[in-house]
Amino acid sequence: MNLLEVQNLTVTYGSGPTAVPAVRGVDLTVAAGQQLGIAGESGCGKSTLALALLRLLPPSAHVDGRILLDGEDVLTMRWGRLRAVRWAGASIVFQGAMHSLNAVRRIGEQIAEPLLVHRRATPAAARTLAGELLRSVGLPEGRADSYPHELSGGQRQRVMIAMALACDPALIVADEPTTALDVMIQAQILRLVQQLVTERHIGLVMISHDLAVLADVCDRLAVMYAGRVVEEGPARAVFDAARHPYGQALSAAFPRVGDPASRRAPRGLPGDPPDPAALPTGCAFHPRCAWALEPCAHDDQFLTGNDDHRVACLLADRPQVPPSGRTL
Ligand code: ADP
Ligand code: MG
């Protein structure tokens with residue numbers, strides 16, 4: 001059984017004519033101890049998907065489909081069970097670590113709290129474990145006595161990772177965990193996350209707009225566009241030999257890890273992703289696609305191909321060079 005199975009997940013914010021279909025029929029799996037990267041430009045539905053995994057979406061979001069965590073559907077879980085799962089089954093690390101830490105409590109207390117509440121550790125045991133967790137994320141144990149404002153951004157992100165590890169989860173969801181940090185620190189933290197999940201056999205869903213970063217850290221990659229997964233496969237195959245024109249544009253845009261020049265919009269890819277409230281007909285990518293043919297404007301595309309590398313494109317098997325006169 002897979003650790004995580006997302007089946008035909010749809011998330012729509014609001015209803016009626018102003019409804020925003022942010023996630024539109026996503027299927028994904030993560031095996032125990034596997035690392036899945038999710039890439040895509042801003043607005044493609046990555047955070048909505050991450051929040052849905054632990055049912056953290058606002059009440060305006062209508063969710064459909066199934067999210068099986070160890071075979072149990074997160075979407076139909078009772079509240080008490082869900083709370084237990086959020087602590088012991090799966091943890092989430094978000095971008096703005098500063099906002100998730102309590103400014104007026106010491107770091108050590110904040111790491112120890114879930115251990116006291118959810119693992120019924122004694123105060124002494126929780127303190128010892130909090131110290132060990134700090135060491136495992138590369139911080140001195142003495143940092144337990146600091147307040148969040150006394151730490152750098154990178155150190156705070158390390159504390160967030162320690163908190164995510166505290167209850168020994170089977171899955172960690174990390175939504176752009178390093179985007180706010182400088183490039184060197186980003187690379188260090190991502191390597192740390194990878195090392196920790198590998199050592200502890202934890203499943204990882206890592207979200208970033210930077211395909212190169214994900215290719216470095218993950219076993220598998222999924223590329224999202226306009227609320228859909230348009231390509232999914234082994235990380236190196238998706239990064240080095242993407243078959244969807246959007247996957248190709250993203251991998252061309254992020255040639256190497258943390259390249260500061262490529263943090264802007266993907267190079268060579270004009271325009272922006274569509275507003276989900278006004279999606280183009282057919283393949284949602286066709287207005288930006290150098291390869292688009294007439295059917296792309298009216299035939300919707302779904303993932304096809306063998307289970308190992310799937311692509312949602314009419315032209316997935318075309319040669320890797322764009323038609324003459326067009327650029328990608
Ligand atoms: P990403 O993380 O890939 O940038 P998001 O999941 O944040 O994408 O957003 C996907 C789409 O859903 C965007 O069009 C965004 O404006 C919209 N959206 C996100 N959160 C909400 C919300 N709470 N209410 C309404 N629309 C939202
Ligand atoms: Mg996001």
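Everything here concerns the structure above.
What counts and how
- Residues numbered from 1 in each chain as written.
- Chains lettered and ligands numbered in written order.
- Predicted model: local features only at pLDDT ≥ 70, side-chain atom pairs only at ≥ 80, totals over all residues.
- Heavy atoms only, no water.
- Core = buried A, V, L, I, M, F, W, Y, C linked by side-chain atoms within 4.5 Å.
- Buried < 20%, exposed > 50% of the residue type's maximum accessible area, 1.4 Å probe, protein only.
- Contact = heavy atoms within 4.5 Å.
- Helix = DSSP H or I, 4+ residues; strand = E, 2+ residues; numbered from the N terminus.
- Axes fitted to C-alpha atoms, helices over the stretch in contact; angles between N-to-C directions.
- Parallel < 35°, antiparallel > 145°, perpendicular 65-115°, else oblique.
- Left-handed = near helix turned anticlockwise from the far one by under 90°.
- Phe/Tyr/Trp six-rings, centres within 6.5 Å; stacked < 30°, edge-to-face > 60°.
- Pairing = 2+ DSSP bridges.
- Near = heavy atom within 4 Å.
- Polar contact = N/O pair within 3.5 Å; in protein donor to acceptor, adjacent residues only side chain to side chain.
- Areas by Shrake-Rupley, 256 points an atom, 1.4 Å probe, with all protein chains shown as cover.
- Nonpolar A, V, L, I, M, F, W, Y, C, P; charged D, E, K, R; others polar.
- Salt bridge = Lys/Arg side-chain N within 4 Å of Asp/Glu carboxyl O.

Caption draft 1: The arrangement of the nonpolar core in detail. Ranked by size, the top nonpolar core spans 101 residues in total, and within it Leu 4, Leu 28, Ile 38, Ile 111, Val 159, Met 206 and Tyr 246 carry the most contacts. Sequence-distant contacts of Met 206, that is, excluding residues within four places in its chain, are made with Leu 36, Gly 37, Ile 38, Ala 174, Pro 177, Leu 190, Val 193, Leu 214, Val 217 and Cys 218.

Caption draft 2: Local environment of unusual backbone geometry. One non-glycine residue with positive phi stands out, namely Arg 55, at about 55°. By the element assignment, Arg 55 lies in the loop between helix 1 (46–53) and strand 4 (61–69). Overall, the relative accessible area of 30% leaves Arg 55 in the partly exposed class.

Caption draft 3: The packing of helix 4 (residues 107–118) against helix 6 (residues 153–165), seen in detail. Here helix 4 crosses helix 6 at 20°, and the two axes come no closer than 8 Å. As far as their axial angle goes, helix 6 and helix 4 are roughly parallel. Our pair here, helix 4 against helix 6, has a crossing hand that is right-handed. Across from Ile 107, Gln 110 and Ile 111 in helix 4, the residues of helix 6 making contact are Val 159, Ala 162 and Met 163.

Caption draft 4: Highlighting the packing of aromatic side chains. In total, this model carries 3 aromatic pairs according to the counting rule given. Pairwise contacts between aromatic rings join Tyr 225, Tyr 246 and Phe 285 into one cluster.

Caption draft 5: Broad picture of helix 1. Burial analysis of helix 1 places 6 of its 8 residues in the buried class, the great majority of the element. Along helix 1, the residues classified as buried are Lys 46, Thr 48, Leu 49, Ala 50, Ala 52 and Leu 53. Directly beyond the C-terminal end of helix 1, a positive phi value near 55° is found at Arg 55.

Caption draft 6: Fine view of the sheet that holds strand 5 (residues 72–73). Here we have 4 strands laid out as an open sheet, ordered 2-1-4-5, and antiparallel in their pairing. If you trace the sheet from one side to the other, it starts and ends with strand 2 (20–30) and strand 5, each paired once. Two strands pair when backbone bridges link them, and strand 4 and strand 5 are joined in this way by 2 bridges, in the antiparallel orientation. Within strand 5, the residue paired with Leu 69 across the bridge is Glu 72. Of the strands in this sheet, strand 1 (4–13), strand 2 and strand 4 are in contact with helix 1, which crosses strand 1 at around 120°.

Caption draft 7: A look at the site of ligand 1. Not every one of the 13 residues close to ligand 1 is listed here, only the nearest: Gly 43, Lys 46, Ser 47, Thr 48 and Pro 276. Within the backbone of Gly 43, an N or O atom sits 2.6 Å from an oxygen atom of ligand 1. At 2.8 Å from an oxygen atom of ligand 1 is found a main-chain nitrogen or oxygen belonging to Ser 47. Relative to its unbound accessible surface of 560 Å², ligand 1 loses 64% to contact with the protein. For the shell around ligand 1, the secondary structure elements donating two or more residues are strand 2 and helix 1. If one sorts the elements of the shell around ligand 1 by residue count, helix 1 sits on top with 3 residues. Residue classes in the shell around ligand 1 are distributed as 6 nonpolar, 5 polar and 2 charged.

Caption draft 8: Seen up close, the pattern of salt bridges. Under the definition given, this model contains 10 salt bridges. Taking the shortest distance from any N to any O, the salt bridge between Glu 232 and Arg 220 comes out at 3.0 Å. Of this pair, Glu 232 sits in strand 10 (residues 228–234) while Arg 220 sits in strand 9 (residues 220–225), and the two are 12 residues apart along the sequence. Accessibility expressed as a relative area gives 4% for Glu 232, which makes it buried. What makes Arg 220 buried here is its relative accessible area of 13%. Through salt bridges that share partners, Arg 220, Glu 232, Asp 308 and Arg 310 make up one connected network.

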